[in-house]
Every structure is written in structure tokens, then in C-alpha cells.
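Coordinate inspection notes
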Amino acid sequence: MEKFKFLLLLWMFCLTSCNNGNNEYVSEKLIPELSYMNTSVDPCENFYQYTCGNFKNVHPLPEDQYNWDHFTILQDEIHQLAADILKSVRKDTDPLALQKAKAAYTACLNVNYADKLKLPEENFMLEHGIWPVISLEDTDIEVSWNLVGDFVAEYGVPLFFNFQILSNYWDPTDNFIYLYRDAISNPSTIYGKLEEDLDDFLGTAGGRVSRSTDDGSKSEPIPFESFLRTVAFYLRDVVGTWKDDEKIIEDVAEIISFMRVLQPGGPGGFVEDTAEILPLDNLITVGELQEWTDSQFGEDYPINWVDYFNHLFKASGVAITEDVKFYHDGARLLYGVLNLFQKAEPRLLKNFIMARLFTYTGC
Ligand SMILES: *[C@@H]1O[C@H](CO)[C@@H](O)[C@H](O)[C@H]1NC(C)=O
């Protein structure tokens, strides 16, 4: 009797909870993938046709797409859902974040409003001067290491060096500044053949480099170059400087050559064959770094490392003194970058800095 009761309970349980009907475990509505199958195909013959053969009938490829699968469909649905939510009337009962998102979305769709806004690059130029690439005047450009530090502090984009704060594994209160090559942020498409570009650069002593092939014909611009040209043409038209396309193209090529020299840092960077680089321990103080720089380049070299680091770290509120510890990857890197900075024309330095900032920030 007990056994019979148990079976009865089990049967009732199944009746209430497993009510799929028709002997199916699940309905096609719950698993749309089931409708993509073509069960008239033998899975041992063609497994793909068996599992997905009917997909193209259920979801024909839309005319404006070249790829259509379950993920793109899902993505489309999510975008549509998000747009519907953002377009719906703003209510006081909406969470504050949603109210803000709805306001931002409406503002984006308001073309008249968007057209009235200044480009971030334009605002940057109002504050820091025009991008020499689009300017007709080349005079009065000054670029100091302290200014470089200010830009890095303000925009968080590395320039000439990359830096990090490392701490001593055995004593976490013991920190040092680590400088290394400024490579991560250059688009990889500009990574060129180092030796050739170094020759180009040295051959013109920091001046203009024309990008042409051996037979004298112009070579195709790399994608990053096309990008910079487009930005420059656009900004030229907005600002209205009437600079020639040809001159802009030349300047952009020069920026790319410069980045190719800067990218590898020390080895392969701007180090002449005849350079005699004074030895320097890897872990020193900022004061010792200054002594090395003074002996290497003479006291006139325009960098005061304490000042530069204080500009670089000004947003952090940390004061850098001569006693702060400093770590680097080798005197060759420091020499190469400091030398490059000194030999290049200020307008080229500024062109590079602004190209970098326009690429990596909304300014
Ligand atoms: C299913 O496969 C068969 C055999 O290849 C084919 O004739 C039929 O058109 C397919 N059905 C669909 C809906 O694609």
C-alpha cells in the first residue's frame, strides 16, 4: 500500500511539473535552434545540413548584411531593445542613471544641437595653439619637457616615454619611477622596418622625409596615415587655414617617420653610430639621473628631471624630489629619446604630440 501511494504521488508530480504534452521534452518556441534543423537529412551524411540546414529559410540573409547568424540576430534584438528603452518617455520614477542615459541619447539624436558643438580637437587648439600640420605659419613653436609632462598628466596618454610606479617586493613602502619605451600606444600598422627609417631620419637630420619608392613614384599610405590625413583635412576645413593638401600629406608622412624612430626606444632609436653613451646603473635616484644627463648632453640640455616629473605627476599630488628612486631599461633608451627630442624641430614634436592626443583621446 505504501508503495502504491508513492507511485501515485510520483505520477501526480509529473503531471503537474512535466506538462510538455505531446511527449516532447521542450517546445520549439523555447529553443529556436530546433527550427534550424533539417531532420530529413541523415546526420551521418551531412551533419551541418542536419543541424543548421533550415537556418537560411527561417532567417534569410538581409540585403545589407554579409554575415547573419544567431549572434548577429541576438545583437540586433538587444540594440533594438536598448533603443526602445532609451527612446521611451522620461519618467520621474526612472532610476537616475536611466534618466541621464535617456537625456544623452536624445541629445545625440538632435543633429542641430550636435552641429553647434565645437570639435574636441578645436577646443584643444584654442587652448594649446593650432596643429602645425594645418597651419600656414611655422614660427613661435616651443615644446619643452615640462609641457610634455603637462599633456601626459592632463590626457593620460604616454608621450616619448611610458612610465609606471613600481614597488619593492620586499618593502612596499619603497617605490620607484620606471621609465620605458613609448611603444604600446602606436598603432601597430605603423611599425616599419627600423633600420631603413632610421637612415631616412638621420639622413635629413630631423627634417622632412618624403615617402617615395625607389623608382620615385609615391607609395600607398598606410591605414594610420590615411586616418591622420583625414583628420587633418577635416580640421583644416573647419578652422579654414587653406593649407595645401600636398603640404598636409608631407607633414603627416613626417609624423609617421618620427613615430617609427621613437617606437623602438633606445636600441634602433635615435642613437648615432658614433654616440658614446655614458654608463648608468638601472636603479638610481632622480638626482643621479640629472647628473648623468648633464654629463652626457651638457648642462644646457633642456630637461630638469625633478621639474619634469612634478609636471608628469601633478594630478597625483605627489611631490618628486632628487631623492626619489628611478629605474630604467638602459642608458641607450634614455639617450635615444632625449637625443631625438633635441634634434627634431619643435614643429615636428608638436605635430607628433597633437597627432597622438587626437588619436587616443577625445581631447
Ligand atoms: C532538407 O534537406 C533535403 C535534402 O537535402 C532538401 O531536399 C530540402 O530542401 C531541405 N529542406 C529545407 C527546408 O531546407
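Residues numbered from 1 in each chain as written. Predicted model: local features only at pLDDT ≥ 70, side-chain atom pairs only at ≥ 80, totals over all residues.

1. Concerning the overall build of the protein chain
On a plain count of helices and strands, the protein chain comes out with 15 helices and 4 strands. Here the protein chain holds 363 residues, and the buried ones make up 23% of them. Put simply, 67% of the contacts in the protein chain that link residues at least 6 apart link residues at least 24 apart. (Helix = DSSP H or I, 4+ residues; strand = E, 2+ residues; numbered from the N terminus. Buried ≥ 20, exposed ≤ 12 C-beta atoms within 10 Å, placed from the backbone. Contact = placed C-beta atoms within 7 Å.)

2. Some thoughts on the site of the ligand
Residues in close proximity to the ligand include Asn38, Ser40, Val41, Gly53, Asn54 and Asn57, which together make up its full environment. Residues that form the shell around the ligand fall into these classes: 1 nonpolar, 5 polar and no charged. (Near = placed C-beta within 6 Å. Nonpolar A, V, L, I, M, F, W, Y, C, P; charged D, E, K, R; others polar.)

3. With respect to the sheet that holds strand 4 (residues 325-328)
Taking strand neighbours across the sheet as the criterion, the 4 strands line up as 1-2-4-3 in an open arrangement whose pairing is mixed. If you trace the sheet from one side to the other, it starts and ends with strand 1 (161-168) and strand 3 (283-285), each paired once. Ignoring strand direction, the axes of neighbouring strands in this sheet form an average angle of 35 degrees. Pairing analysis gives 3 bridges linking strand 3 to strand 4, with the strands arranged antiparallel. (Pairing = 2+ DSSP bridges. Axes fitted to C-alpha atoms, helices over the stretch in contact; angles between N-to-C directions.)

4. Regarding the nonpolar core
Burial of nonpolar side chains together is a common tendency in soluble globular proteins. Counting residues in hydrophobic clusters, the biggest one holds 56 residues, and the most contacted among them are Val252, Ile255, Phe258, Val337, Phe352 and Ile353. Looking at this core, the element that brings in the most residues is helix 11 (residues 245-262), giving 9 residues. Excluding anything up to four places from it in sequence, Phe258 contacts Ala344, Leu348 and Phe352. (Core = buried A, V, L, I, M, F, W, Y, C linked by C-beta atoms within 7 Å.)

5. Overview of helix 4 (residues 70-87)
Along an α-helix, a turn takes 3.6 residues, which lines up residues three or four apart on a common side. Look at helix 4: 26 Å from first C-alpha to last across 18 residues, which is about the 26 Å you get at 1.5 Å a residue. Burial of helix 4 is sparse: only 0 of the 18 residues sit out of reach of the surface. (Expected span 1.5 Å × (residues − 1).)

6. Observations regarding the packing of helix 12 (residues 286-297) against helix 13 (residues 305-312)
At a minimum axis distance of 9 Å, the contact between helix 12 and helix 13 shows a crossing angle of 125 degrees. Comparing their axes, helix 13 and helix 12 come out oblique. Contact residues: Val286, Leu289, Gln290 and Thr293 in helix 12; Trp305, Val306 and Phe309 in helix 13. Of the residues in the contact of helix 12 with helix 13, the class split is 5 nonpolar, 2 polar and no charged. (Parallel < 35°, antiparallel > 145°, perpendicular 65-115°, else oblique.)

7. As for the confidence of the model for the protein chain
For the protein chain, the average pLDDT comes to 82, and 80% of its residues sit at 70 or higher. Below pLDDT 50 for its whole length, residues 6-21 participates in 3 contacts with residues either more than four positions away or in separate chains. Here residues 201-217 scores under 50 on pLDDT; set against residues more than four positions off or in separate chains, the count is 23 contacts. (pLDDT = per-residue confidence, 0-100.)

8. Quick notes on the environment of Asp237
Along the chain, Asp237 falls in helix 10 (residues 223-239). Distance from Asp237 to Ile134, taken between C-alpha atoms, is 9.2 Å for residues 103 residues apart in sequence.

9. Re the pairing of strand 4
The two faces of strand 4 differ: Phe326 and His328 on one face are buried, but Lys325 and Tyr327 on the other face are not. Taken together, the 4 bridges between strand 2 (residues 171-181) and strand 4 define a ladder with parallel strand orientation. Within the sheet, the bridge partner assigned to Tyr178 lies in strand 4 and is Tyr327.

10. Description of helix 14 (residues 331-343)
Helix length check: helix 14, at 13 residues, gives a terminal C-alpha distance of 18 Å against a target of 18 Å (1.5 Å per residue), a fit within 8%. Taken residue by residue, helix 14 has Leu333, Leu334, Tyr335, Gly336, Val337, Leu338, Leu340 and Phe341 as its buried positions. Tucked inside the fold, the buried residues of helix 14 contact strand 1, strand 2, helix 11, helix 12, strand 4 and helix 15 (346-360).

11. Notes on the pairing of strand 2
As paired strands, strand 1 and strand 2 are joined by 8 bridges and run antiparallel to one another. Bridge pairing in strand 2 links Leu166 to Phe176. Linking strand 1 to strand 2, which pair antiparallel, is a turn of 2 residues.

12. Looking at the environment of Ile141
Locating Ile141 in the fold gives a position in the loop between helix 7 (120-128) and helix 8 (145-155). As a C-alpha pair, Ile141 and Lys350 span 209 residues in sequence and 7.8 Å in three-dimensional space. The residues touching Ile141, leaving out its near neighbours within four places in the chain, are Pro132, Pro346, Arg347 and Lys350.

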